[in-house]
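# Close look at the chain arrangement
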Amino acid sequence: MKKFDYLKPTSLDEVFSLMEKFGSNAKLIAGGTDVMVLLKRKRIFPDVLISLRSVPNMAYIKDEKDKIRIGSMTTHRELETSTVIKEKLTALYDAVINLGSVQIRNVATIGGNIANAAPSADTACPLLVLDASCLLISSKGEREVELKDFFIAPGETVMKQDEILKEFIIPKPSKLSGSAYWKLSRRKAMDLPILGVAISLAMNEDKSIKKARIGLGVAAPTPIRAFKAEEFLTGKFLTDEVLAEAGNIASKEASPRDSIRGEAWYRREMIRVLTKRVATISFKRANIV
Amino acid sequence: MKGMKKELITLRVNNEDYEIFTYPNKTLLEVLREDLMLTGTKEGCSEGACGTCTVLMDGKPIRSCLMLAVEAQGKDITTIEGLSEDDELHPIQKNFIEQGAIQCGFCTPGMILTAKALLDENPRPTEDDIKVAISGNVCRCTGYAKIVKAIKESSK
């Protein structure tokens, strides 16, 4: 690794002034499980690392009346062991239990997973279908950006150079709703997804779909929503034909590429398969009798 | 630029405090092995994939190759050298030997520390719990069955 200075600010104000001082020569480090690999592979060459670890009040899960707030420095292991996440944000729970391994999850943060903006980010699809927003904060103030508008390209987001990702704001899922995430990979642990599919469904009493959300990972240059398939599902009953058509539509909305983990045609096929499978799980979790 | 100078850092490893004069770009793994000569912790892939560099930080398993030594200040670090007491091996270490769960031995320190963290949290794990817990530790001799058995024995 190239040599660098390491700074450990203890307040957000201090973080902002260091970011302003060093600009693009600085790199923020949270858990470090991505940044350290980039440093070791000589993909980034910062003069300064600014650690967020010593900034207080950045790791939390707040269960409020109609929202759940997750601090960006919350580790995947903290999410995995939280009953709020397991019971209310099940798609996110599905994603965090298989991310990396316990040694990674003890350190890696959800803010890092999203800010790193990999197309394969496991927490992105669940957060997309749970209608999460990102709270971005700078010395000038704060703004809320819906996650669906957050990613621009692999590794690129709408965050400005002076902003940091402070928290995720997730509306509490309504009754009669359920969500799930499926990571398609060769093994569960220590593997990136070939494809990730998350779905959340809010149901009407008559078992028709009130609201559908479909999130796809590694299916395009960024994690995406399958808006047309969501629209198609709205108001419908979950029959085999409806699910098959939703899968077809979602598959057409994706723009996967051939990569070392899987080819584009295979990803398109599996979007069809997994849309059905994950929607079925989400429906079961909605607990409509 | 202040010039990327060495810094004096303090680490607590196996219940002893150490002062080390090192560069901020040194990983915890490098400092453990090269400055403290605690070579029980192994370097495998050095990219967080293999698990052989696992140490415990405040009782939780982490990858020491992905942790800067400066970031580990103020935490309690346990390496494989910290498990035995006097000349007595830790029960998990004994069971690894008795069950033949060690072949080349390279993954063993990481496996044992991961197992210790699991058993501290869940003293009666199922076989599946054990397999999930060690899913981030690769054994290239592929002696997994005996490793799982040794951990199972340690839970009795």
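Residues numbered from 1 in each chain as written. Chains lettered and ligands numbered in written order. Predicted model: local features only at pLDDT ≥ 70, side-chain atom pairs only at ≥ 80, totals over all residues. Heavy atoms only, no water.

### Describing the overall build of chain A
Looking only at helices and strands, one finds eleven helices and 14 strands in chain A. The C-alpha atoms of chain A give 19 Å as radius of gyration, which agrees with the globular expectation for 289 residues (19 Å, within 12%). With the principal axes as the frame, chain A shows a C-alpha extent of 60 × 45 × 30 Å. Out of the 289 residues belonging to chain A, those deemed buried represent 57%. Of the contacts made within chain A by residues no fewer than 6 positions apart, 62% connect residues no fewer than 24 positions apart. Accessible area of chain A: about 12,800 Å², with a carbon and sulfur share of 50%. Here chain A contributes 46 positively and 35 negatively charged side chains, and the mean placements of these two sets differ by 5 Å. (Helix = DSSP H or I, 4+ residues; strand = E, 2+ residues; numbered from the N terminus. Rg over C-alpha atoms; globule rule 2.2 N^0.38 Å. Buried < 20%, exposed > 50% of the residue type's maximum accessible area, 1.4 Å probe, protein only. Contact = heavy atoms within 4.5 Å. Areas by Shrake-Rupley, 256 points an atom, 1.4 Å probe, with all protein chains shown as cover. Lys, Arg positive; Asp, Glu negative; His and termini not counted. Charge placed at Lys NZ, Arg CZ, Asp CG, Glu CD.)

### Notes on helix 5 (residues 90–97) of chain A
When you tally the buried positions in helix 5 of chain A, you get seven out of eight residues, the bulk of the element. What helix 5 of chain A keeps buried is the set A:Thr90, A:Ala91, A:Leu92, A:Tyr93, A:Asp94, A:Ala95 and A:Val96.

### Let's talk about the sheet that holds strand 10 (residues 164–171) of chain A
Strand pairing in a sheet takes place through backbone hydrogen bonds and is either antiparallel or parallel in direction. Residues and elements named next belong to chain A. Taken together, five strands build an open sheet; the order of strands is 4-5-10-6-7 and the sheet is antiparallel. At either end of the open sheet lies a strand with only one pairing partner, and these are strand 4 (61–63) and strand 7 (141–146). Between one strand axis and the next, the sheet turns through 20° on average, direction left out of account. Pairing of strand 4 with strand 5 (residues 67–71) involves three bridges; the strand directions are antiparallel. Within strand 5, the residue paired with Ile61 across the bridge is Ile70. (Pairing = 2+ DSSP bridges. Axes fitted to C-alpha atoms, helices over the stretch in contact; angles between N-to-C directions.)

### A look at helix 2 (residues 91–98) of chain B
Residues and elements named next belong to chain B. Looking at helix 2, one finds that the buried residues are Ile92, Gln93, Asn95 and Phe96. Projected down its long axis, helix 2 shows its buried positions confined to an angular sector of 165°, all on one face. Counted as exposed and oriented over 90 degrees from the buried face of helix 2: Ile97 and Glu98. Contact partners of the buried residues in helix 2: helix 3 (108–121) and helix 5 (144–154). (Arc of directions from axis to C-beta.)

### Details of the interface of chain B and chain A
Contacts between chain B and chain A engage 31 residues on the former and 31 residues on the latter. Summing both partners gives a buried area of about 2,700 Å² for chain B against chain A, and 56% of it is carried by carbon and sulfur. Where chain B meets chain A, there are three salt bridges. A salt bridge links B:Glu71 to A:Arg53, with the nearest nitrogen and oxygen atoms 3.0 Å apart. Where chain B packs against chain A, one counts 16 residue pairs in polar contact (both at pLDDT 80 or more). Looking at the side of chain B that touches chain A, the elements with two or more residues in it are strand 4 (60–63) and helix 3 of chain B. (Buried area = accessible area lost by both parts, 1.4 Å probe. Salt bridge = Lys/Arg side-chain N within 4 Å of Asp/Glu carboxyl O. Polar contact = N/O pair within 3.5 Å; in protein donor to acceptor, adjacent residues only side chain to side chain.)

### Some remarks on a nonpolar patch on the surface
Together, B:Leu89, B:Ile97 and B:Ile102 give the surface a local cluster of nonpolar side chains, amounting to about 240 Å² of exposed area. The partly exposed category is assigned to B:Leu89, whose relative accessible area is 34%. (Patch = residues over 30% accessible without salt bridge, like charges linked within 9 Å, V, L, I, M, F, W, Y side chains within 5 Å.)

### So, the pattern of salt bridges
All names here are of chain A. Going through the model one piece at a time under the given rule, you end up with 27 salt bridges over all chains. Between Arg225 and Glu230 there is a salt bridge; the shortest N-O distance is 2.6 Å. Accessibility expressed as a relative area gives 10% for Arg225, which makes it buried. Via salt bridges that share partners, Asp131, Lys211, Arg213, Arg225 and Glu230 belong to a single interconnected network.

### Description of the domain arrangement of chain B
Residue and element names in this part refer to chain B. Along its sequence, chain B is carved into domain 1 (7–82) and domain 2 (91–154). Put simply, the middle of domain 1 and the middle of domain 2, counted by C-alpha atoms, are 21 Å apart. On the domain 2 side, the residues contacting the 17 residues of domain 1 number 13 residues. With both sides pooled, the region where domain 1 packs onto domain 2 buries about 1,100 Å², and carbon together with sulfur makes up 66% of that total. Our count for the contact surface shared by domain 1 and domain 2 stands at zero salt bridges. In this structure, the connection of domain 1 to domain 2 is made through four residue pairs in polar contact (both at pLDDT 80 or more). Of all elements in the fold, only strand 3 (54–57) and strand 4 reach the threshold of two or more residues within the side of domain 1 that touches domain 2. The biggest single contributor to the side of domain 1 that touches domain 2 is strand 3, with three residues. Looking at the side of domain 1 that touches domain 2 residue by residue, the classes come out as six nonpolar, eight polar and three charged. (Domains from an automatic or database assignment. Nonpolar A, V, L, I, M, F, W, Y, C, P; charged D, E, K, R; others polar.)

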